[in-house]
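Now for the letters of each chain:
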Amino acid sequence: MKKPSMILIIILFFLLVLTVFRLFWGSIYSTTHHPEAQEGVLDLRQGQLEEIQTTPVVGEWTFYPDVLLDQSALQQAQDGETYNTFPNEWNNIPIGSTYTVGTYHLRILLPPSDTTTDYGLRMPVIQSATKLFIDGEEISGSGNPSVNPSDYIAQKVPYTVSFRSNKETIDVIVHVAHGNYPIRSSEVGVVKFGYASAINKETRFSVISQIIVLTVLGAVAIFIAFLYFVGKRPKSLLYFFLLLINAMLMVLLDVDKFLLKLIPITYESSVKILFLVYTSIASFMLLFFKHFLPEYANRMLKWFLSAYLLYVGFILLAPVTYILSLRFLLGIVLLTTTCFITIQFFKATRNRMEDVIYLLLSAAAITNNVVWAIIYSNTTIERFFYPVDLLITIFLFSAFWLKRFLRNVHRIQGLSEELIQVDKRKDAFLANTSHELRNPLHSMINIAHSVLHSKENKLNQEDYQNMELLITVGKRMSSMINDLLDLGRIKENKVTLQLKPLPLQAVTAGVVDMLQHLLEDRPVQIQTDVQGDVQPVLADENRLIQILVNLLHNAIKYTDKGTITISTNYMDNKVVISVADTGIGMKEERIHSIFKPYEQGIEEDVDEVRGGVGLGLTISHQLVKLHGGEIEVHSALHKGSVFSFSLLLAKEEHSVVETPNLPVISHLEAAVSKAIETTHPILYSEAPKLLVVDDETINLRVLKNILASEQYEITTAVSGAEALEKLKTDTFHLLISDVMMPYMSGYELTKKVREQYTLSELPILLLTARNSSEDLSTGFASGANDYIVKPVDPLELRSRVDVLVKLKTSIAEHMRMEAAWLQAQIKPHFLFNTLNSIMYLMEIDEEKMRYVLDHFIQFIQTSFAFKNTETLVSLEEELALVHSYIEIEKARFGDRVNIKWDVDARIKVQLPPLSIQTLVENAINHGILKQPAGGTITISVKAYEGFTRISIMDDGVGMNSEQQVRLTKHNPRERKSVGIYNTDRRLRQLFGEGITIKSEQAKGTIVSFFVSNDQS
């Protein structure tokens, strides 16, 4: 905020600019050099008339007091003629003057012209009736001046006339009249004469200026009215609107007095209206200020308003003569108002009020306008319409309001964003809290369920009933928590409907069966009036069940005795389902809020709250809307309620899904259960091993209890790091992990596991407390096979675990079969080529033939000797197979195949069968034999601390980077790469790392892998 001294300098500079601009504006209406009339003659014969500028008619007019003369009578009345200025002296006739009518005459001398010229004359406001004659012909006037009081009509309206003349002299006669009483006025104007084009141009400029001001004021007034009626209706807006309306009236009653031209208003009434408008402007300015800045509205403001009210009474009751005689009071009212407001705005700037400088400058502008109006009223300065002060006042005030509005919008946006974030945090907190509550709650339910159904625990009848009650209460609390979570999902538009045709009778019957236990020992019956052969509805099965459960549960909760009836009514393409009860009902005003969150149908005369958190009806309402239907309620206190909702009927082309009359589990559970039923049984050679990870030991215990009935070997870990260590020392069929764990989340653990195991080699089931799309997407992106939302349902958990274990077992079997196929395969062309070579050697080198035949037999025997189910073979067996294969290839290709062995005979490790042989075969066929001269293959086996490195190096054609990447990617259609892919995957699964390929084109290839030395 600027200092007060700086603000004062700004105000003074601002007033100086306004004054300079006003003087410049006034220069438009004045002519610097112009002749003056002398003794009733205005001589313009020297060409003083300009095409684009008017000439003010100032100087001495011939004046004939107390008579109204026409042109013919002027010659006979020369004895009474005098000379004075017009209209200044006439408008300032002192009170007590002896004459009330008069005639003014002026002869205008023009240069000679052979053509007829269009001239114009603009007459200002004249007291208080005029009639204009040009060359003896009446042209125009304002009111009706007359010596006869009964014929006199007062009207103060300026007017402009145009006429044509080819004469060198123009006689201008003006009849004026005051009426029967003297009136003193300080209104000053100047008669303008000139070419018609110049007169019309000046008139249009004034008219257009006033229209612009009226348009601006009207637009702002409409905007303020809109803000007033659509908002909280602050009084400051109302008074500002009234201020703008009075400002528009002021313009209409000011210089050109448009309103008096449009509406026939008497002179006395027009004077009173004008004074009332100015006084109203001052009053509404004070009232606006009072409500806009109430902290600066002191007692003086009340005194001003009281004084203005008295002045309004004076205007209404006093004669016009007195009002005009005391018109200085209006100047005091206006000047006092603007000065008071300016001072208060200045004080506001000292108190560092934001943007008040705009208000201060607007007040200074309107004060400047009032001061100049007083100057015009008490001097002979020509008065003209000057809109700049008023427009600047509106502009500055609008700028203040706009800046405040933008600041408020920015602040509101900030608050909105903050509220949105707070609301999101609230929803997240609510969801997390609900999940955190649901986890131990379901743990309690599951433990109670295990105790209740354990064959080892023998409970007496009372304990058995208490345990059942504990489970029932827990499930009821779980239902409340589910409602909270559902409401959050609905608010975030994360509920997706799975629409399908449903038999309504079957669904309603199943829901009734589910809720029958709530009616035990209560005189309430549920009746259904739903036909079984009607057209099915198109709905989401789970959500339709949820809607019916909520409505029925609400009816049961508020019905002490009587009946609850479910009925349907079919119309056109939809069905209306109604749930009517004979319960306590509701008052009319309660019905309008019953579907709002956390609202319950509790009346003042009902002495108990019947449980719940008031979300069931809200959720049902939203779910019905998602289905494209509507829900409504009709109720009367102590007469029951009827809840009705509509659903679309399914089209004939949709197939109907039969739903049994049983409690319905989720679609996913049903799908899993069906998958379990249809999956071919797999006989495990040993109990499948599960690794369960959760930082809460109670959760681990609950999971073990749920899975205890299955034939699983369960290993637990309380952190991701511990789980990774156990994966290094043992193999598992399934990893079950919680998501929210300290130090290493379930997502991180999944990513690390996926670095070593594929989706099929080690399935991962995540337990997540959240089921938003972002959470699920993150889980699947990290490498999870499946997820379950905590707290887990025992049936769902067992079903999913069983499916994933069977998946792992099936994939493992497939991998073993593929390895067996790889072990057993002997490519036909290799077999035929080897036999051809043996037959060829039989004729030319029998000894070599026997050598090759021995190695061929050894190769065949070794290949078939590997057991299909063996995971590892000794290095010695693998190298023997490789040696036989190489000897056969050397016999076939001679010197094109050269082998170097770099093997430490002391190394005793195990490795996947055919791992080295596959790589050697690939090096021979795709490396050295691609060259006409062949090449050399080096087989290296080196022991290091903790591991052994096995390398197959060749100096063949090599590979580019794209070929290297493609070689380790399995493509089922390219069977030639299955050996490399299979070897790589088996190595990764067993030792955590696969094969490594380094190659350059025309320089050869190095393929290597590592095996662990510690294979105990």
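Here the structure is a predicted model, which means the values were calculated and not measured. (Residues numbered from 1 in each chain as written. Predicted model: local features only at pLDDT ≥ 70, side-chain atom pairs only at ≥ 80, totals over all residues. Heavy atoms only, no water.)

A few words now on the overall build of the protein. Counting secondary structure elements, the protein contains 28 helices and 30 strands. Taken across its 1016 residues, the protein has 47% of its residues classed as buried. Put simply, of all contacts in the protein between residues at least 6 apart along the chain, 75% involve residues at least 24 apart. A total accessible area of about 51,900 Å² is found for the protein, and carbon and sulfur atoms account for 56% of it. (Helix = DSSP H or I, 4+ residues; strand = E, 2+ residues; numbered from the N terminus. Buried < 20%, exposed > 50% of the residue type's maximum accessible area, 1.4 Å probe, protein only. Contact = heavy atoms within 4.5 Å. Areas by Shrake-Rupley, 256 points an atom, 1.4 Å probe, with all protein chains shown as cover.)

Quick look at the packing of aromatic side chains now. Summed over the entire model, instances satisfying the criterion amount to 19 aromatic pairs. Ring plane angle 80° and centroid distance 6.4 Å describe the contact between Trp 61 and Tyr 104, whose orientation is recorded as edge-to-face. With Trp 61 in strand β3 (residues 61-65) and Tyr 104 in strand β5 (residues 101-109), this pair connects stretches of sequence that are 43 residues apart. Just as Trp 61 is buried, Tyr 104 falls in that class too. (Phe/Tyr/Trp six-rings, centres within 6.5 Å; stacked < 30°, edge-to-face > 60°.)

By the criterion of burial, strand β18 (residues 640-648) is predominantly enclosed, with seven of the nine residues buried. Where strand β16 (residues 574-581) and β18 come together, seven bridges link them in antiparallel fashion. When the sheet's bridge partners are listed, Ile 577 is paired in β18 with Phe 645. The loop that links strand β17 (residues 631-636) with its antiparallel partner β18 comprises three residues; one of these, His 638, has a positive phi angle of about 70°. (Pairing = 2+ DSSP bridges.)

Here we come to the sheet that holds strand β22 (residues 764-768). Read from one edge of the open sheet, five strands run β20-β19-β21-β22-β23, paired in parallel fashion. The strands lining the two open edges of the sheet, one partner per strand, are β20 (713-717) and β23 (786-789). Neighbouring strand axes in the sheet, compared pairwise and without regard to direction, differ in orientation by 20° on average. Sheet topology places strand β21 (residues 734-738) next to β22; four bridges connect them, and they run parallel. Across the sheet, the residue bridging to Asp 738 is Leu 767, located in β22. Sheet contacts for helix α18 (residues 697-707): β19 (689-693), β20, β21 and β22; angle to β20, the most-contacted strand, approximately 170°. (Axes fitted to C-alpha atoms, helices over the stretch in contact; angles between N-to-C directions.)

This part is about the pattern of salt bridges. In the structure shown here, the tally under the stated rule is 14 salt bridges. The salt bridge involving Lys 192 is made with Glu 202; its shortest N-O contact spans 3.1 Å. With Lys 192 in strand β11 (residues 191-195) and Glu 202 in helix α3 (residues 196-230), the pair connects residues that are 10 residues apart, well separated along the chain. One salt bridge in this structure joins Lys 689 and Asp 730, with 3.0 Å as the shortest N-O distance. Taken together, the residues Lys 689 in strand β19 and Asp 730 in the loop between α19 (720-729) and β21 connect sequence positions 41 residues apart. A relative accessible area of 15% places Lys 689 in the buried class. (Salt bridge = Lys/Arg side-chain N within 4 Å of Asp/Glu carboxyl O.)

With that out of the way, let us pick up the environment of Val 371. Looking at where Val 371 falls in the secondary structure, it is placed in helix α10 (residues 356-377). Looking at Val 371, the relative accessible area reads 33%, which means it is partly exposed. Val 371 sits 36 residues away from Leu 335 along the chain, and the two C-alpha atoms are 7.1 Å apart.

Now for the sheet that holds strand β9 (residues 159-165). Pairing in this open sheet of four strands is antiparallel, and the strands run β2-β11-β6-β9 from one edge to the other. If you trace the sheet from one side to the other, it starts and ends with β2 (55-57) and β9, each paired once. The average angle at which neighbouring strand axes cross in this sheet is 25°, direction not considered. Across four bridges, the pairing between strand β6 (residues 117-123) and β11 is antiparallel. Opposite Arg 122, over in β11, you have Lys 192 as the bridge partner. Its contacts with the sheet put α3 on β6, β9 and β11, and the angle it makes with β11 is roughly 130°.

Contact geometry for α19 and helix α20 (residues 746-754): axes closest at 10 Å, N-to-C directions at 20°. Between α19 and α20, the angle is such that the two are roughly parallel. Crossing geometry of α19 relative to α20 is assigned as right-handed. Contact with α19, carried on its side by Gly 720, Ala 723, Leu 724 and Leu 727, involves Leu 749, Lys 752 and Val 753 of α20 and no other residues of that element. Taken together, the residues of the contact of α19 with α20 sort by class into five nonpolar, one polar and one charged. (Parallel < 35°, antiparallel > 145°, perpendicular 65-115°, else oblique. Left-handed = near helix turned anticlockwise from the far one by under 90°. Nonpolar A, V, L, I, M, F, W, Y, C, P; charged D, E, K, R; others polar.)

This next bit is on the packing of helix α25 (residues 875-893) against helix α26 (residues 915-926). Look at α25 against α26: their axes get within 8 Å of each other, and the N-to-C directions meet at 25°. By the criterion of interaxial angle, the relationship of α25 to α26 is roughly parallel. Handedness of the α25/α26 crossing: right-handed. The residues of α26 that touch α25, namely those facing Leu 875, Glu 878, Leu 879, Leu 881, Val 882, Tyr 885, Ile 886 and Glu 889, are Ser 915, Ile 916, Gln 917, Val 920, Glu 921, Ile 924 and Asn 925. Looking at the contact of α25 with α26 residue by residue, the classes come out as nine nonpolar, three polar and three charged.

Together, Phe 13, Leu 16, Val 17 and Val 20 make up an exposed nonpolar region whose accessible area comes to about 390 Å². With respect to the helices and strands, the residue Val 20 is situated in helix α1 (residues 4-29). (Patch = residues over 30% accessible without salt bridge, like charges linked within 9 Å, V, L, I, M, F, W, Y side chains within 5 Å.)

Summarising the sheet, strand β7 (residues 129-134) and strand β8 (residues 137-142) pair through five bridges and their orientation is antiparallel. Across the sheet, residue Ile 134 finds its bridge partner in β8, namely Glu 137. A loop of two residues connects β7 with β8, the two strands running antiparallel in sequence, and Asp 135 in this loop sits at a positive phi of about 50°.

Cis geometry is adopted by the peptide bond preceding Pro 87, which originates at Phe 86 and carries an omega value of 5°. When you line up the elements, Pro 87 lands in the loop between β4 (82-84) and α2 (88-91). Cis rather than trans, the peptide bond between Gln 127 and Ser 128 has omega equal to -25°. Relative to the elements of secondary structure, Ser 128 occurs in the loop between β6 and β7. For His 638, which is not a glycine, the phi torsion comes out positive at approximately 70°. Considering the arrangement of structural elements, one finds His 638 in the loop between β17 and β18. We classify His 638 as exposed; its relative accessible area is 53%. Phi at Ala 1002 takes a positive value of approximately 70°, unusual for a residue other than glycine. Tracing the chain through its elements places Ala 1002 in the loop between β29 (996-1000) and β30 (1004-1012).

On average, residues of the protein carry a pLDDT of 78, and 80% of them reach 70 or more. Contacts for the low-pLDDT stretch residues 601-613, under 50 throughout, to residues beyond four places or in other chains number 34 contacts. Of the regions scoring below 50 in pLDDT, residues 654-685 engages in 53 contacts with residues more than four places distant in sequence or in other chains. (pLDDT = per-residue confidence, 0-100.)

On to the side chain of Thr 117, then. Along the chain, Thr 117 falls in strand β6. Using a relative accessible area of 16% as the deciding quantity, one classes Thr 117 as buried. If near-sequence neighbours (up to four positions away) are discounted, Thr 117 is found in contact with Phe 163, Arg 164, Ser 165 and Tyr 195.

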